[in-house]
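# Inside the fold
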Amino acid sequence: MNSTAGNEDWQACFQELAPKLLLYARQWTTSAADAEDVVQMAFVRWWQRNPGGDRAHVPLLYAAVKTIALDLHKSATRRAKREAASDFALPSEDAPYFDPPVEDRESARLLERAVLDLPPEQREVVTLRIWGGLTYAEIAQATGETTNTVASRYRYALNNLHRVLEPHREDLGAAPAPAPVVA
Amino acid sequence: MNDANVEHLLRSLRPAAPSAELTQRVERDLKLAALFRDAAPASVTAKPKRTVWQSHLTWAAIGAAAAVLVMSVMPARPGLPTGSELTNQSQTTEAPLTDRILPVSSSREWVDVEDGGISFATPDSPQRQMRVHSLERHQWIDPRDGAEYTVEVPKVESVVLPVKYQ
């Protein structure tokens, strides 16, 4: 990486990817601060190996986030057990996962809760697909699953979300989805 | 509400932005990595500060050099590559690891101390024999990919301490 010319490159890449990576990392971390630590480590490693920020390697970045987050989670779990045994407790944190517009805060909370209640493997696929913008093949690469498995999980996740959100249709103000663009 | 509606609702949510501090931390790490990478050749060839434990390594290195010298003057056995052949082969491979890694730290950890009892060098000079077990730990890092190398060397040293009776 050219240290001067590459500086703007990584910043632009990081600004785009960081919120998505942070959301993904929070699935396995107990706090937003831990998730930021994970994203920091994963991005630095990824950028060193991939100085141009080649988008074809983005699935590997998500894979790195998951690996580091799981490692951190294991050590955090061990630490929590030790601290619980010694009358100290981990501070709980409830930082929001999303930045909702003020007027839609209730709807955002409802959606966030529905996503968080999904089984972890379904939530992972939804996160990568909806907010990560990855294709099924890229999600398969990031998670180590087959494309068919990924597609099935996404389908199950949408069904679950549909079932949970349907009673709140009025609150959510569910507008018809925009018509798909036909080339 | 169909699948498209659900996806549309989900996409209306924007993932929370990271803190401004995170960008600074990433920038600091990347600059540090660039510094390591740029400084790697100079640091490896720079003469390191001599410490006590290095005297042991020096002797070990002298011994290894002597062994190589003896092997090089011995007649080559048929079917085995000679020393020069081995050298030529090694030159065609990648640069040696020591040219690519940076020393990070050297530490020494005391593991155990054995009391060997009191002996007398002369009738009026008692001394206590001690055996000190320690572990030297040397670490290097490869700035290109962040790989860490750690070498642990167990050491046993005999120490003699003069004893004074009050």
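Basis of the calculations
Residues numbered from 1 in each chain as written. Chains lettered and ligands numbered in written order. Predicted model: local features only at pLDDT ≥ 70, side-chain atom pairs only at ≥ 80, totals over all residues. Heavy atoms only, no water. Helix = DSSP H or I, 4+ residues; strand = E, 2+ residues; numbered from the N terminus. Buried < 20%, exposed > 50% of the residue type's maximum accessible area, 1.4 Å probe, protein only. Areas by Shrake-Rupley, 256 points an atom, 1.4 Å probe, with all protein chains shown as cover. pLDDT = per-residue confidence, 0-100. Contact = heavy atoms within 4.5 Å. Salt bridge = Lys/Arg side-chain N within 4 Å of Asp/Glu carboxyl O. Core = buried A, V, L, I, M, F, W, Y, C linked by side-chain atoms within 4.5 Å. Patch = residues over 30% accessible without salt bridge, like charges linked within 9 Å, V, L, I, M, F, W, Y side chains within 5 Å. Pairing = 2+ DSSP bridges. Axes fitted to C-alpha atoms, helices over the stretch in contact; angles between N-to-C directions. Buried area = accessible area lost by both parts, 1.4 Å probe. Polar contact = N/O pair within 3.5 Å; in protein donor to acceptor, adjacent residues only side chain to side chain. Nonpolar A, V, L, I, M, F, W, Y, C, P; charged D, E, K, R; others polar. Parallel < 35°, antiparallel > 145°, perpendicular 65-115°, else oblique. Left-handed = near helix turned anticlockwise from the far one by under 90°.

Next up on the list: the overall build of chain A. Scanning chain A from N- to C-terminus turns up eight helices and zero strands. Written out in order from the N terminus, the α and β elements of chain A read α-α-α-α-α-α-α-α. Considering chain A as a whole, with its 183 residues, one finds that 41% of them fall into the buried category. By element, 53% of the accessible surface of chain A is carried by carbon and sulfur atoms, the whole surface being about 10000 Å².

Residues and elements named next belong to chain A. Looking at chain A as a whole, its pLDDT mean stands at 82, while 79% of the residues score no less than 70. Counting contacts from residues 1-5, a segment whose pLDDT is below 50, to residues more than four positions away or on other chains yields five contacts. Across residues 87-92, where pLDDT falls below 50, the model places six contacts with residues more than four positions away in sequence or in other chains.

Here we take up the pattern of salt bridges. Enumeration over the complete set of coordinates arrives at 17 salt bridges over all chains. The closest approach of N and O atoms between Glu-157 of chain B and Arg-108 of chain B, which form a salt bridge, is 2.3 Å. Highlighted residues: Glu-157 of chain B in strand β3 (residues 147-162) and Arg-108 of chain B in strand β1 (residues 102-122), separated in sequence by 49 residues. The structure contains a network of salt bridges with shared partners spanning Glu-16, Lys-20 and Arg-55 of chain A.

Quick look at the nonpolar core now. Core analysis: the biggest nonpolar cluster contains 56 residues, and Phe-43 and Trp-131 of chain A together with Leu-10 of chain B have the highest contact counts within it. No other element matches helix α1 (residues 5-25) of chain A, which puts 10 residues into this core. Each residue touching Phe-43 of chain A, except ones within four places of it in the same chain, is listed here: Trp-10, Cys-13, Phe-14 and Leu-61 of chain A together with Val-26 of chain B.

Bringing a nonpolar patch on the surface into the picture now. All names here are of chain B. Residues Leu-32, Leu-35 and Phe-36 make up a contiguous nonpolar surface patch of about 280 Å² in total accessible area. Following the sequence through the fold, Leu-35 ends up in helix α2 (residues 20-45). Overall, Leu-35 belongs to the exposed group, its relative accessible area being 54%.

Right, let's get into the pairing of strand β2 (residues 125-142) of chain B. All names here are of chain B. Inspection of the sheet shows β1 paired to β2 by 16 bridges, in the antiparallel sense. Each residue of the ladder has a partner; that of Arg-108, found in β2, is Glu-136. Where β1 hands over to β2, the hairpin turn is made up of two residues, counted between the paired strands. Note: β2 against β3, 16 bridges, orientation antiparallel. For Glu-136, the partnering residue across the bridge sits in β3 and is Val-153. Taking the residues that link successive antiparallel strands as the turn, the β2-β3 hairpin has four residues, and the phi of Gly-146 there is positive, at about 80°.

Here we come to the sheet that holds β3 of chain B. Residue and element names in this part refer to chain B. The strand order across the open sheet built from three strands is β1-β2-β3, with neighbouring strands paired in antiparallel fashion. One side of each edge strand has no neighbouring strand; the edge strands of this open sheet are β1 and β3. Going across the sheet, the axis of each strand differs from the next one's by a mean of 10°, ignoring polarity.

This part takes up the interface of chain A and chain B. Interfaces are often sized by the amount of accessible area the parts lose when they come together. The interface is formed by 46 residues belonging to chain A together with 31 residues belonging to chain B. Carbon and sulfur atoms make up 63% of the surface buried where chain A meets chain B, a total of about 3600 Å² over both sides. Applying the counting criterion to the chain A and chain B interface returns three salt bridges. A salt bridge links Arg-25 of chain B to Glu-36 of chain A; the nearest nitrogen and oxygen atoms lie 4.0 Å apart. Taken together, the connections running from chain A to chain B amount to nine residue pairs in polar contact (both at pLDDT 80 or more). The set of elements that each furnish at least two residues to the side of chain A that touches chain B consists of α1, α2 (32-49), α4 (105-116), α5 (120-131), α7 (147-165) and α8 (169-172) of chain A. By residue number, the principal contributor to the side of chain A that touches chain B is α1 of chain A, which donates 10 residues. In terms of residue class, the side of chain A that touches chain B is built from 30 nonpolar, six polar and 10 charged.

The next thing to look at is the packing of α4 of chain A against α7 of chain A. Residue and element names in this part refer to chain A. It is the contact of α4 with α7, at a shortest axis distance of 10 Å, that shows an interaxial angle of 135°. With respect to α7, the element α4 is oriented oblique. The element α4 and its partner α7 pack so that their crossing is right-handed. Where α4 abuts α7, its residues Leu-110, Leu-111, Ala-114 and Val-115 lie against Leu-161, Val-164 and Leu-165. For the contact of α4 with α7, the residue count by class is seven nonpolar, no polar and no charged.

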